[in-house]
Amino acid sequence: MYYNDETLVFFNGEWLKAKDLMVSPYVQTMHYGSGVFEGIRSYETPDGTRVFKSLEHYERLLHSAKMMHLNVNYTAQEFTDLTYQLLEKNNLSNAYIRPLIFVGANMSLTPTDEVHVMLCAWEWGKYLGNKMLDVMISSYQRPNPKSCHVEAKVTGHYVNSILATTEAKKKGFDEALLLDAQGYVAEGPGANFFFEKDEVLYTSPLGNILPGITRATIFELCNELGFKLVEKYFTTEEVRGADSAFFTGTAAEVAGIASLDKVNFKLKWEDSLGSILQAKYTRRVAFNEYGNFSLV
Ligand code: PMP
């Protein structure tokens, strides 16, 4: 699914076949989760393939690396150039790009100078799919910001995400929604969360969540569309039975939520602010917002 015999990946300055990539069994990241990564999308646009908000993603990757004491010798611009090469070499246009920075053989609990850089890409449909989601409040909390850097995209943090999604699916739901250590709603296992009440949108403030790049795009779109958006702490009770809700993320894009803990949101998705934002987001990422208008 992710690669075939011809797929090329960028690995420490070289282009290698994915099938030939070998790593040491003593890689620290595999044992302790001390790597950092990104999830980026490219889209077919009227001007060719474009990586959406590439610099923002690579700035976040560099920030994540810094938080984990990993020295990375590439700039966000260099990473972006490599990403375009990666797409071209693999003949990809609408793609999901996964940069991963991981630490070499080291069984102690200290960082080392052996830092590996890998970039790969594949075609990936909308994570979470296109159907309206049934979501449950997870029994797992998001990691406490006092125990790790929650704003960094660190491989080990995703143990929490895997547990939450697995629990939700085992109980017959599509996805989980996690609370923070204070009991306020934080985010999904791999996406930020918004809900709508009386034509106002609400989302959790930064501090206990990953500062999503899609979340920031939604802020921009709300501003352009004149939608009222409030960042605040809120409880499950405020969300349950609200008008509508959705997840946002690079992989998930804008994904509508039908119910929380089996209580339906009031509005039909088509009538919600989220649905307008979803359509607008689809056009924004493909640089195709004025596709139906002629300037002459
Ligand atoms: N929260 C978490 C925990 C995530 O893994 C993601 C996906 N990167 C997001 C939020 C959304 O971030 P972005 O919009 O930058 O993809």
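Computed from a predicted model, the values in this text were never measured in an experiment. (Residues numbered from 1 in each chain as written. Predicted model: local features only at pLDDT ≥ 70, side-chain atom pairs only at ≥ 80, totals over all residues. Heavy atoms only, no water.)

Caption draft 1: Structural detail: the overall build of the protein chain. Scanning the protein chain from terminus to terminus reveals 7 helices and 16 strands. For a compact globule of 296 residues, the expected C-alpha radius of gyration is about 19 Å, and the protein chain comes in at 20 Å, within 12% of that figure. Projected onto the principal axes, the alpha-carbon positions of the protein chain cover approximately 55 × 55 × 30 Å. By the burial criterion, 51% of the 296 residues in the protein chain qualify as buried. Counted over contacts in the protein chain with a minimum sequence separation of 6, partners at least 24 positions apart contribute 69%. The centroid of the 28 positive side-chain charges in the protein chain is displaced by 5 Å from the centroid of its 36 negative side-chain charges. (Helix = DSSP H or I, 4+ residues; strand = E, 2+ residues; numbered from the N terminus. Rg over C-alpha atoms; globule rule 2.2 N^0.38 Å. Buried < 20%, exposed > 50% of the residue type's maximum accessible area, 1.4 Å probe, protein only. Contact = heavy atoms within 4.5 Å. Lys, Arg positive; Asp, Glu negative; His and termini not counted. Charge placed at Lys NZ, Arg CZ, Asp CG, Glu CD.)

Caption draft 2: How the structure looks around the layout of surface pockets. Looking at the largest pocket, its volume works out to about 1200 Å³. Along the walls of the largest pocket sit 45 residues, with Phe37, Tyr96, Arg98, Trp122 and Trp124 positioned nearest its centre. Residue assignment for the lining of the largest pocket shows that the elements contributing at least two residues are helix H1 (28-32), strand E6 (95-103), strand E7 (115-122), helix H4 (158-170), helix H5 (213-225) and strand E14 (244-249). Classifying every residue of the lining of the largest pocket by side-chain character gives 25 nonpolar, 14 polar and 6 charged. Here the lining of the largest pocket gathers at least three residues from each of two domains, domain 1 (8-122) and domain 2 (133-286). Each pocket or cavity is described by its volume, and for the second largest pocket that value is around 170 Å³. Here the residues of the lining of the second largest pocket are counted per class, giving 6 nonpolar, 3 polar and 3 charged. (1 Å grid on protein atoms, 1.4 Å probe; cavity = no way out; pocket = protein on both sides within 12 Å on 5 of 7 lines; lining within 4 Å. Points joined across faces, edges and corners; volume = space filled by probe spheres on them. Nonpolar A, V, L, I, M, F, W, Y, C, P; charged D, E, K, R; others polar. Domains from an automatic or database assignment.)

Caption draft 3: Molecular detail of the packing of helix H2 (residues 54-67) against helix H3 (residues 76-89). Two elements in contact, H2 and H3, have axes separated by 9 Å at closest approach and are oriented at 120°. Relative to H3, H2 is oriented oblique. Note that H2 runs across H3; the crossing there is right-handed. Each of Ser54, Leu55, Tyr58, Glu59, Leu61 and Leu62 in H2 lies in contact with H3, whose residues at this interface are Ala76, Gln77, Phe79, Thr80 and Thr83. By residue class, the composition of the contact of H2 with H3 is 6 nonpolar, 4 polar and 1 charged. (Axes fitted to C-alpha atoms, helices over the stretch in contact; angles between N-to-C directions. Parallel < 35°, antiparallel > 145°, perpendicular 65-115°, else oblique. Left-handed = near helix turned anticlockwise from the far one by under 90°.)

Caption draft 4: Geometry of H3. The first and last C-alpha atoms of H3 sit 20 Å apart over 14 residues, in line with the 20 Å expected at 1.5 Å per residue. For H3, the full list of buried residues reads Ala76, Phe79, Thr80, Leu82, Thr83, Leu86 and Leu87. Viewed end-on, H3 has its buried residues packed into an arc of 165°, placing them on one side of the element. One or two steps after H3, the chain reaches asparagine 91, where phi turns positive at roughly 55°. (Expected span 1.5 Å × (residues − 1). Arc of directions from axis to C-beta.)

Caption draft 5: How the structure looks around empty space enclosed by the protein. Enumeration over the complete set of coordinates arrives at 1 cavity of 30 Å³ or more. Arg41, Tyr43, Phe52, His57, Ile213, Thr214, Thr250, Tyr281 and Val285 together form the lining of the largest cavity. When residues of the lining of the largest cavity are traced back to their parent elements, those giving at least two are strand E4 (40-45), H5 and helix H7 (273-285). Among the residues forming the lining of the largest cavity, the class breakdown is 5 nonpolar, 3 polar and 1 charged. Both domains that furnish three or more residues to the lining of the largest cavity are identified here as domain 1 (8-122) and domain 2 (133-286).

Caption draft 6: How the structure looks around the domain arrangement of the protein chain. Entries for the protein chain in the domain assignment read domain 1 (8-122) and domain 2 (133-286). For domain 1 versus domain 2, the separation of C-alpha centres amounts to 26 Å. Both sides together, the interface formed by domain 1 and domain 2 hides about 1900 Å², and carbon and sulfur atoms give 62% of it. Contact with domain 2 buries surface across domain 1, with Phe37, Phe52 and Arg60 losing the most and accounting together for 32% of the total. For the pair domain 1 and domain 2, the interface holds 2 salt bridges. The shortest N-O distance in the salt bridge between lysine 53 and glutamate 220 comes to 2.8 Å. The interface formed by domain 1 and domain 2 includes 12 residue pairs in polar contact (both at pLDDT 80 or more). Among the elements that make up the side of domain 1 that touches domain 2, the one with the highest residue count is H2 (6 residues). Taken together, the residues of the side of domain 1 that touches domain 2 sort by class into 10 nonpolar, 9 polar and 6 charged. (Buried area = accessible area lost by both parts, 1.4 Å probe. Salt bridge = Lys/Arg side-chain N within 4 Å of Asp/Glu carboxyl O. Polar contact = N/O pair within 3.5 Å; in protein donor to acceptor, adjacent residues only side chain to side chain.)

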